[in-house]
Amino acid sequence: MVQPAPWDTDPEPLPVDSAPVPEYGRGSLADLLPTLAAGLGVPGMTAGITELTPADRNCVFLIDGLGWEQLRAHPQDAPFLSSLLGTSRGGTGRPITAGYPATTATSLASVGTGLPPGAHGLPGYTVRDPATGALMNQLRWQPWTAPAAWQPYPTVFQLAEQAGVHAAQVSSPTFANTPLTKVALSGGTFVGQLSGEDRMDSAAAQLAGADRALVYTYYSEVDGAGHRFGVDSDTWRGQLGHVDRLVQRLAEQLPPRSALYVTADHGMVDVPFDEEHRVDFDEDWELKAGVALLGGEGRARHVYAVPGARGDVLACWREVLGDRFWVASRDEAIEAGWFGPRIDDRVYDRIGDVVAAARDDVLLIASEREPKESAMVGNHGSMTPAEQFVPLLEVRT
Ligand SMILES: [Zn+2]
């Protein structure tokens, strides 16, 4: 066999089964609330994260975009959170996995329903709605789609409330009635508070007001700073310092018999601004061939093929992206467990005919159809440790 010249060899496609699949069932975001609810005696809940011992009053504080690796890299900016990290610092903190894709809508649904994406059915930033054939944005819920049909399962908060546990969410008032809140984070009491400080104080009050409680609170701006300026920017580190003080504020107000769990929906990866790191779908006729719709986001793509082109699109994407992305057919990704151990029938066709997950610090942008997203510094979505590992930190009283 003639050996090709080195400059002729394309990198081998990455085997689908080499992707580090999230730890569904034992150490993923979807396991957190069921573990806490099981400890509170809520029927039907399974304690997947066996290392956790829930308290009577439990609070989950979700910090949007704060990955485990980014937190570990910035101890000076987050002295309180860092004191809760693993054994060398005396804390019990450990990483858990976000789930695939590592993106806010998917992760919030995993947290609130206690189900992996293949079951709750929000498997991406944008996915195709099989009923209309159009892309639907899962974060902004555009175009509007009946929430209860899209995600029919009860939330863990609803189940907890039915079992006599006080359930509450403390977040921005703008999220009070959104479809995403409805399908992912409803049940019990919603408390709208604009400032982070007020959210911490309200979360503590919600805990104190009941003997058994499951309270959720949220802060978004670490993610926003990462997208705009990158995870090592002054703005990002300023946000990290701010959220560090918020966590301490809440920790210091915890009533007796409480546990505070600090976690996140995903981490983040900074992607350099050059053609090597940012492949532009809109400029690449090979990648565009046979593609009807491009969904997902830069590091976690759902590709929907025109009828009959599925195999060609898969082959072409594998060849063009080489070892920079894990490129799987829908069935391969499902078989490998990317979306969880099972896929509900109504979810199957929401997943792309081809699913592409970034391995390195690369991005598949679409400069024309997604100008804003294509200009972001920090990005997330895939299965690399930087975006998949999120903290699970604990403070107890
Ligand atoms: Zn984000």
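Let me begin by describing the structure that accompanies this report. As the structure is a prediction and not an experimental result, all values here were calculated from the model. (Residues numbered from 1 in each chain as written. Predicted model: local features only at pLDDT ≥ 70, side-chain atom pairs only at ≥ 80, totals over all residues. Heavy atoms only, no water.)

### Digging into the coordination of the zinc ion
- Taken together, the protein donors to the zinc ion comprise Asp223 (OD), Asp223 (OD), His227 (NE2) and His380 (NE2), at separations of 2.1 to 2.5 Å.
- Here the zinc ion is ringed by four donor atoms whose angles at the metal span 53 to 153 degrees, and the overall shape comes out irregular.
- Considered as a linear motif, the donors of the zinc ion on their single chain read D-x3-H-x152-H. Of the two residues, His227 is situated in helix H10 (residues 221-229) and His380 in the loop between strand S16 (378-379) and helix H17 (385-388); the sequence distance between them amounts to 153 residues. For the pair shown, His227 and His380 are each scored as buried. (Donors = N, O, S within 2.8 Å, 3.2 Å for Na, K, Ca; no water. Tetrahedral: all angles 85-135°; square planar, octahedral: opposite > 155°, others 65-115°. Helix = DSSP H or I, 4+ residues; strand = E, 2+ residues; numbered from the N terminus. Buried < 20%, exposed > 50% of the residue type's maximum accessible area, 1.4 Å probe, protein only.)

### Here's the deal with the sheet that holds strand S6 (residues 189-192)
- The sheet built from seven strands is open, its strands ordered S2-S17-S8-S1-S7-S5-S6 with mixed pairing. Where the open sheet ends on each side, the last strands, each with one partner, are strand S2 (94-97) and S6. On average, adjacent strands in this sheet sit at an angle of 20 degrees to one another, irrespective of strand direction.
- Two strands pair when backbone bridges link them, and S2 and strand S17 (residues 389-396) are joined in this way by four bridges, in the antiparallel orientation. (Pairing = 2+ DSSP bridges. Axes fitted to C-alpha atoms, helices over the stretch in contact; angles between N-to-C directions.)

### Remarks on the pattern of salt bridges
- Counted according to the given criterion, the structure contains 18 salt bridges.
- Of the charged contacts in the structure, one is a salt bridge between Asp282 and Arg369, with a shortest N-O distance of 2.7 Å. With Asp282 in the loop between strand S10 (278-280) and helix H12 (285-288) and Arg369 in the loop between strand S15 (363-365) and helix H16 (371-374), the pair connects residues that are 87 residues apart, well separated along the chain.
- Residue Glu332 pairs with Arg318 through a salt bridge whose shortest N-O separation is 2.7 Å. Placement of Glu332 in helix H14 (residues 330-336) and of Arg318 in helix H13 (residues 310-321) is noted, with a sequence separation of 14 residues between them.
- Through salt bridges with shared partners, a single ionic network connects Arg310, Arg330, Asp349 and Asp353. (Salt bridge = Lys/Arg side-chain N within 4 Å of Asp/Glu carboxyl O.)

### A short note on the environment of Leu32
- Following the sequence through the fold, Leu32 ends up in helix H1 (residues 32-39).
- By relative accessible area, which is 0% here, Leu32 ends up buried.
- Put simply, Leu32 and Gly48 are 16 residues apart on the chain and 7.5 Å apart in space, counted from C-alpha to C-alpha.
- Sequence-distant contacts of Leu32, that is, excluding residues within four places in its chain, are made with Ile49, Leu52, Val60, Thr263 and Leu392. (Contact = heavy atoms within 4.5 Å.)

### Considerations on the packing of H10 against helix H11 (residues 234-252)
- For the pair H10 and H11, interaxial distance at closest approach is 8 Å and the crossing angle is 170 degrees. It follows from the interaxial angle that H10 and H11 lie roughly antiparallel. In contact with Glu221, Val222, Ala225, Gly226 and Phe229 of H10, H11 contributes Thr235, Trp236, Gln239, Leu240 and Val243.
- Residue composition of the contact of H10 with H11, by class: six nonpolar, three polar and one charged. (Parallel < 35°, antiparallel > 145°, perpendicular 65-115°, else oblique. Nonpolar A, V, L, I, M, F, W, Y, C, P; charged D, E, K, R; others polar.)

### Examining the packing of aromatic side chains
- A full pass over the atoms with the stated rule returns five aromatic pairs.
- Plain terms: the ring middles of Tyr100 and Trp338 are 5.5 Å apart, the flat faces sit at 65 degrees to each other, and that makes the pair edge-to-face. Placement of the pair is Tyr100 in the loop between S2 and helix H4 (104-113) and Trp338 in the loop between H14 and helix H15 (345-348), with a sequence separation of 238 residues. This pair shows no difference in class: Tyr100 is buried, exactly as Trp338 is.
- Their ring planes at 70 degrees and their centres at 6.2 Å tell us that Phe157 and Tyr216 sit as a pair that is edge-to-face. Linking Phe157 in helix H7 (residues 156-162) with Tyr216 in strand S7 (residues 213-219), this pair joins segments that are 59 residues apart in sequence.
- In this structure Phe157 comes out as buried when scored by relative accessible area, which is 1%. (Phe/Tyr/Trp six-rings, centres within 6.5 Å; stacked < 30°, edge-to-face > 60°.)

### Observations regarding the layout of surface pockets
- Approximately 1100 Å³ is the volume attributed to the largest pocket.
- In this structure, the largest pocket is lined by 43 residues; those nearest its centre are Thr104, Tyr125, Leu139, Arg140 and Asp223.
- If you tally residues by element for the lining of the largest pocket, the top one is H10, at five residues.
- Residues that form the lining of the largest pocket fall into these classes: 16 nonpolar, 15 polar and twelve charged.
- Lining the lining of the largest pocket are residues from two domains, each supplying at least three of them: domain 1 (29-269 + 384-396) and domain 2 (271-377). (1 Å grid on protein atoms, 1.4 Å probe; cavity = no way out; pocket = protein on both sides within 12 Å on 5 of 7 lines; lining within 4 Å. Points joined across faces, edges and corners; volume = space filled by probe spheres on them. Domains from an automatic or database assignment.)

### Describing the side chain of Asp31
- Mapped onto the fold, Asp31 is located in the segment before H1.
- Among buried charged residues, Asp31 stands out as having no salt bridge; its nearest opposite-charge side chain is Arg26, 7.4 Å away.
- Discounting residues that sit within four places of it in the chain, Asp31 has contacts with Glu23, Tyr24, Gly25, Arg26, Gly48 and Ile49. (Lys, Arg positive; Asp, Glu negative; His and termini not counted.)

### Thoughts on the side chain of Ser171
- Here Ser171 lies in strand S5 (residues 166-171).
- Excluding its chain neighbours within four sequence positions, the residues that come into contact with Ser171 are Phe190, Val191, Gly192, Gln193, Arg199 and Tyr218.

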